[in-house]
Amino acid sequence: KTLSVTMYESFSVQAFVGMLSDAVHAALPRAKVTWHTTPLAYAETLLRISDEDHATVIDVGGEVTDVMVLSHQSIAYVGSIPVGARTIQRALITGKDGSLADSASRLSMFARGELAQKDMESLAAALTKAAEPWRVGFLDILAEAGNTVPVSHRVFVVGERDELPWFSRVVSLVETRGQRPQSTIVTADFLGSALTYGENGIFDASLALDALFFHMRGMKHTHTTGTDPVLYSVQ
């Protein structure tokens, strides 16, 4: 005999809002500026395209990872982990001559299976150790969110193209109730025919989801609909 209402609100520094609004109005004086946040854009777009009812979205940044728990096709919980892809890359730097670029290169080769077997095993162990703070933070978020809503094992991972293949290994380290996440990396193939890139267009998962968000509101746009694809990237 109780009712629970989850309200999602976001805030920004007024000076930042004013700066961007002024820049838009300097070019387009009569333009209407509408603000949307990443959790809202990602949640609505991914739920529409995947036709899922429950899911978890992981937005991997350089030093911070945002996590969105979606339930009944709405945002149920938003949290963040103070660990990102660059944080983990930095923890894997070895030797006095090691660098962030070298660490990133080795992780890319690891994801493609291009290292020698001994090096693959060594880097896998090092990655597990370096990613432990991220794993603990993610489990804390799932536990807190799980106090009020069911948490799905269906996970969508959004981030930089070069980092996602190996970061999916980090996500797979998490185990809850004897199950590991069923993670899907948001790639151009995943979005299917919903987008078109123009000549020499470059795919970026974050910008692609944002573009779809603004074109899909109020309509059903999935992989299989006959809707014209959204043009999002041109050079």
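Analysis parameters
Residues numbered from 1 in each chain as written. Predicted model: local features only at pLDDT ≥ 70, side-chain atom pairs only at ≥ 80, totals over all residues. Heavy atoms only, no water. Helix = DSSP H or I, 4+ residues; strand = E, 2+ residues; numbered from the N terminus. Rg over C-alpha atoms; globule rule 2.2 N^0.38 Å. Buried < 20%, exposed > 50% of the residue type's maximum accessible area, 1.4 Å probe, protein only. Contact = heavy atoms within 4.5 Å. Lys, Arg positive; Asp, Glu negative; His and termini not counted. Charge placed at Lys NZ, Arg CZ, Asp CG, Glu CD. Pairing = 2+ DSSP bridges. Core = buried A, V, L, I, M, F, W, Y, C linked by side-chain atoms within 4.5 Å. Phe/Tyr/Trp six-rings, centres within 6.5 Å; stacked < 30°, edge-to-face > 60°. Axes fitted to C-alpha atoms, helices over the stretch in contact; angles between N-to-C directions. Salt bridge = Lys/Arg side-chain N within 4 Å of Asp/Glu carboxyl O.

Draft legend 1. Looking closely at the overall build of the chain. Of the regular secondary structure elements, the chain holds 9 helices and 7 strands. A compact globule built from 235 residues should have a C-alpha radius of gyration of about 18 Å, and the chain, at 20 Å, falls within 12% of that. Projecting the C-alpha coordinates of the chain onto the three principal axes gives extents of approximately 60 × 55 × 40 Å. Looking at the 235 residues of the chain, the share that counts as buried comes to 39%. Taking all contacts inside the chain whose residues are at least 6 apart in sequence as the whole, residues at least 24 apart take part in 62%. Here the chain holds 19 positive side-chain charges and 26 negative ones, and the gap between their average locations is 3 Å.

Draft legend 2. Highlighting the pairing of strand β3 (residues 74-81). In this sheet, β3 lies alongside strand β2 (residues 65-71) in antiparallel orientation, the contact comprising 7 bridges. Residue pairing for β3: Met 68 is matched across the bridge by Val 78. Between β2 and β3, which pair antiparallel and follow one another directly, the connecting turn spans 2 residues, one of which, His 72, has a positive phi of 55°.

Draft legend 3. Spatial organisation of unusual backbone geometry. Phi is positive for Asp 51, close to 65°, though the residue is something other than glycine. Its location among the elements puts Asp 51 in the loop between α2 (38-50) and β1 (55-60). Not every positive phi belongs to a glycine, and His 72 is a case in point at roughly 55°. Here His 72 is to be found in the loop between β2 and β3.

Draft legend 4. The arrangement of the nonpolar core in detail. Core analysis: the biggest nonpolar cluster contains 35 residues, and Ile 88, Leu 127, Trp 134, Phe 138, Trp 166, Phe 167 and Val 170 have the highest contact counts within it. In this structure, Ile 49, Leu 70, Phe 190 and Ala 208 belong to the second largest nonpolar core, which totals 26 residues.

Draft legend 5. Inspection of the packing of aromatic side chains at higher detail. In the structure shown here, the tally under the stated rule is 5 aromatic pairs. Centre to centre, the rings of Trp 134 and Phe 138 are 5.0 Å apart; their planes meet at 25°, and the pair counts as stacked. One end of the pair is Trp 134 and the other is Phe 138, both in helix α6 (residues 132-145) and 4 residues apart, which spans about a single turn. Residue classification places Trp 134 among the buried positions, given a relative accessible area of 0%. A connected cluster of aromatic rings, assembled from ring pairs, spans Trp 134, Phe 138, Trp 166 and Phe 167.

Draft legend 6. Expanded view of the sheet that holds β3. In space, the 5 strands of this open sheet follow the order β3-β2-β1-β4-β5, with mixed pairing throughout. A strand with exactly one partner marks an edge of an open sheet, and here the two such strands are β3 and β5 (182-185). Between one strand axis and the next, the sheet turns through 20° on average, direction left out of account. Seen against the sheet, α2 touches β1, β2, β3 and β4 (154-158) and runs at an angle of roughly 125° to β3. Each of β1, β2 and β3 touches α6; the most contacted strand, β3, lies at about 150° to it.

Draft legend 7. Molecular detail of the pairing of β1. Counting buried positions along β1 gives 6 out of 6 residues, so the element sits mostly inside the fold. Because side chains alternate across β1, one face comprises the buried residues Ala 55, Val 57 and Asp 59, and the other comprises Thr 56, Ile 58 and Val 60, equally buried. Note: β1 against β2, 6 bridges, orientation antiparallel. If you follow Val 60 over to β2, its bridge partner there is Thr 65. Direction of pairing for β1 relative to β4: parallel, over a ladder of 4 bridges. Among the inter-strand pairings, Thr 56 is bridged to a residue of β4, identified as Val 155.

Draft legend 8. Representation of the pattern of salt bridges within the structure. Counted according to the given criterion, the structure contains 6 salt bridges. Note that Arg 48 is salt-bridged to Glu 44, the shortest N-O span being 3.6 Å. With Arg 48 and Glu 44 both in helix α2 and 4 residues apart, this pair spans about one turn of that helix.

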